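One letter stands for each residue in the lines below.
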Amino acid sequence: MRSPEELHTIDWPSLGHFFGDGRDVPGWIRALYSDDGHLADRALSEFFGRALHQGSVSSAAVAAVPFLAHAAVHARHERADVLAALAGCGGTEAEPVHEDEVRGCARVAAEVAGLLHLLRDEDPLVRRNTVRVARRATGETVPVVLRELTACSVSDPAAAVRAEALTVLTLLDPDGGAARRRLRSALTDPVPAVRAAAALALLERSEEPYPVDVVAVLAEAGGDPGFDLGSHEFAPGIGSTDERIWILTEDADALATVARGWIAQGDHQRRGTRRARHLSEMWRDREDETISLLTEALRHGHDLRDLGSLLDVISQCLFGVSRPDPALADNLLPHVHTDTLTGRRAQMILGQLGDPRLLTDVPEPVPEALAALAVRTRDPEHQRLALRHRDATHLDSLYTALSAEEARTHLPDLTRLLRDRPTQTLVRRFGDWAIRDAGLLDRLEALTRATDDELAVAAAVTTALLTDDPATVLRLLAHRLAENSRQLEEAGRLGDAAAPLLPLIECYLDDGYDWTRLHAAEAHWQITGDPSVALPVLTALVDPSRPVGVRALQALHRIGPPYPSDLRPQLPHWAASERRLLREYGTGFPAQRHRDDQLRETARRMLD
């Protein structure tokens, strides 16, 4: 330990932190001894933000270690946070990687012996963070630390401290039967947090499928508030519990068991709903179970942000479920009336379920919910309600689902929407429906002069398809394709009528952008009916890890067999894997799940 009086012995300007040199550090350290607690708090915030920015260790932080150790013992304020900063100087990972982390670990290890008496401090946060500093013990200090932590893990009055001590004990003494016996014994501890910590440590030392009895303990004890699962907790040298729990994603049954147990205990810190979400993110054919778990979670209180995230997962999972949990709609009803994005999501799910209470219990359902209801029920009255909504937006899913016969039934409404709220999907669908109506053609012709170029070209192509007169649109597409590739898909919609455009389309078959090559290959096949040019381009693009790769596989399926020999050995794996092959953690996952579903379905159809 080194007192503030020795700060002058360090050449701080020669050291660095993440926003400059280290000359700021002495002032931060001196502030820790101030009688003003707010001043000490601000100094620590600066240290965490600059010297330990986002968990990384700077050379200035390494030099500060002996001074932080002194402050942890002698400062009047923020001692627990000083210890957290000290532990962080050894890095956030269980084993240091970068040079400054290695040096920081060595510096922290040198201070451990002089801090062990803080394991008996009256402040439980001080005791807990002392345990984390002790994680870096080395050499002759380790036996002393093991004795102290063993006593702490058995007798500390705070559940979180006991659990943390057990975790660090296992990290410092990981091998041999003694560690496993200690963890096994802790599975029956009277404190839930200790039982949960022991179960998690044992699972980290097991292979899937995980031991059922250990999973059961984690499911029963891990839902207790004393078992801290904060997803953003700073846990240097140990890893946050939320990150460590990620191992459950390797065993779907264990993941579901833990999610069910934690949700049943109140879903504290949303820990159960996160596990349920991971179940459908990481594994196929688990949508029913995920929805059942999240339906139960809806009974517990959530803030609007958490509730919105939960509803998003339910909505995505519904696409793979034939018979959702009957309690889902009942649990949604309390949320459909809020005038928020969350309320819109809840209404949307009611529509996806085909629940008529969307019409009877919600005074003004949002248009996308009405569209979802109409898609699910195919009821002409539901379709009419969606198409006539005063804010008839977000109806593309309904346009896509309408058959030609249904479209003819609703032609006046669809023509009005073409005038008032045109979308590319609606414009293109009129070409699919092959409805030849004078008023409709007038509206489409007017749209060919729209300021939105994409919409104008789509309208021109649909007009050509309905009138069998492609001359005008061919001139338009020739001009556009000479400039860029944006209208390749529209050219493909014309089929063999676009044969005069083939020289322009062929120029894009070896373009540097993969999506351009894909659209060019698709258009070439649609126009010629001959796959020989498209096949090598599409085959080279097939890569399940990328959106363009899945789209290329779908194009090959549309072309039909025989399929390229290079792909055939991979199709059974893509079709039959229990685990999702396309996985993305955090935001943006629904798109990955959707692509994984497309990958599997396309592979199955190609095998059939």
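Residues numbered from 1 in each chain as written. Predicted model: local features only at pLDDT ≥ 70, side-chain atom pairs only at ≥ 80, totals over all residues. Heavy atoms only, no water.

**Q** What's the story with the overall build of the chain in this structure? I'm lost.
**A** Summing up its helical and strand segments, the chain has 35 helices and two strands in all. For the chain, the C-alpha atoms occupy an extent of roughly 90 × 55 × 50 Å along the three principal directions. When the 608 residues of the chain are sorted by exposure, 52% land in the buried category. Here the analysis covers contacts within the chain between residues at least 6 apart in sequence; of these, 62% occur between residues at least 24 apart. Looking at the chain as shown, the accessible area adds up to about 26,800 Å², and 51% of this sits on carbon and sulfur atoms. Between the mean site of the 69 positive side-chain charges and the mean site of the 92 negative ones, the chain shows a separation of 1 Å. (Helix = DSSP H or I, 4+ residues; strand = E, 2+ residues; numbered from the N terminus. Buried < 20%, exposed > 50% of the residue type's maximum accessible area, 1.4 Å probe, protein only. Contact = heavy atoms within 4.5 Å. Areas by Shrake-Rupley, 256 points an atom, 1.4 Å probe, with all protein chains shown as cover. Lys, Arg positive; Asp, Glu negative; His and termini not counted. Charge placed at Lys NZ, Arg CZ, Asp CG, Glu CD.)

**Q** Can you walk me through the packing of aromatic side chains in this structure?
**A** The geometry of an aromatic ring pair is captured by two quantities: the separation of the ring centres and the angle between the planes. Scanning all chains against the criterion turns up three aromatic pairs. Ring geometry for Trp12 and Phe67: centres 6.1 Å apart, planes at 55°, overall tilted. Taken together, the residues span a long stretch of sequence, with Trp12 in the segment before β1 (16–17) and Phe67 in helix α3 (residues 59–74) at a distance of 55 residues. The exposure class of Trp12 is buried, given its relative accessible area of 4%. Ring geometry for Phe430 versus Trp433: centroids 5.2 Å apart, planes at 90°, classification edge-to-face. (Phe/Tyr/Trp six-rings, centres within 6.5 Å; stacked < 30°, edge-to-face > 60°.)

**Q** Where do I start with the pattern of salt bridges in this structure?
**A** It is possible for side chains of opposite charge to pair when their charged atoms get near one another. Applying the stated rule across the entire model yields 52 salt bridges. Between Arg128 and Glu164 there is a salt bridge, and its shortest N-O distance comes to 2.9 Å. In this pair, Arg128 sits in helix α6 (residues 124–134) while Glu164 sits in helix α8 (residues 159–172), placing the two residues 36 residues apart along the sequence. Comparing Arg128 with Glu164, the two get one shared label, buried. Within this structure, Arg284, Glu287, Arg580, Asp596 and Asp597 form a network of salt bridges that share partners. (Salt bridge = Lys/Arg side-chain N within 4 Å of Asp/Glu carboxyl O.)

**Q** Any chance you could explain the side chain of Ser280 here in plain terms?
**A** As for its position among the elements, Ser280 is in helix α14 (residues 271–282). Within the structure, Ser280 has its side chain in polar contact with the backbone oxygen of Arg277 (distance 3.2 Å). In terms of polar contacts, Ser280 uses its side chain to reach the side chain of Arg593, at 2.5 Å. (Polar contact = N/O pair within 3.5 Å; in protein donor to acceptor, adjacent residues only side chain to side chain.)

**Q** I keep staring at helix α27 (residues 453–467) and nothing clicks. Help me out?
**A** One turn of the α-helix equals 3.6 residues, which is why residues spaced by three or four share an orientation. Between its first and last C-alpha, α27 extends 21 Å over 15 residues, near the 21 Å set by a 1.5 Å rise per residue. Across the 15 residues of α27, 11 count as buried, placing the element largely inside the fold. For α27, the full list of buried residues reads Leu455, Ala456, Val457, Ala458, Ala459, Ala460, Val461, Thr462, Thr463, Ala464 and Leu466. Elements in contact with the buried residues of α27: α25 (424–433), α26 (438–447), α28 (471–483) and α29 (488–493). Near the N-terminus of α27, the side chain that reaches the backbone nitrogen of Glu454, with its oxygen 3.0 Å away, is that of Asp452. After α27 finishes, the residue Asp468 shows a positive phi value of roughly 55°. (Expected span 1.5 Å × (residues − 1).)

**Q** Before we go on, may I ask you to explain empty space enclosed by the protein in this structure?
**A** Over the atoms rolls a probe the size of a water molecule, and in doing so it shows where empty space is left. Inspection of the entire model under this criterion finds two cavities of 30 Å³ or more. Its boundaries defined by the atoms lining it, the largest cavity holds a volume of some 160 Å³. If you go around the largest cavity, you meet 18 residues; those closest to its centre are Arg128, Glu164, Phe227, Asp228 and Thr241. Considering every element that reaches the lining of the largest cavity, the biggest residue donor is α8, with four residues. Around the second largest cavity, the lining residues are Arg270, Thr273, Arg274, Arg277, Leu294, His302, Asp306, Ser309, Leu310 and Val313. For the lining of the second largest cavity, the element with the most residues is helix α16 (residues 304–317), which contributes four residues. Looking at side-chain class alone, the lining of the second largest cavity contains three nonpolar, three polar and four charged residues. (1 Å grid on protein atoms, 1.4 Å probe; cavity = no way out; pocket = protein on both sides within 12 Å on 5 of 7 lines; lining within 4 Å. Points joined across faces, edges and corners; volume = space filled by probe spheres on them. Nonpolar A, V, L, I, M, F, W, Y, C, P; charged D, E, K, R; others polar.)

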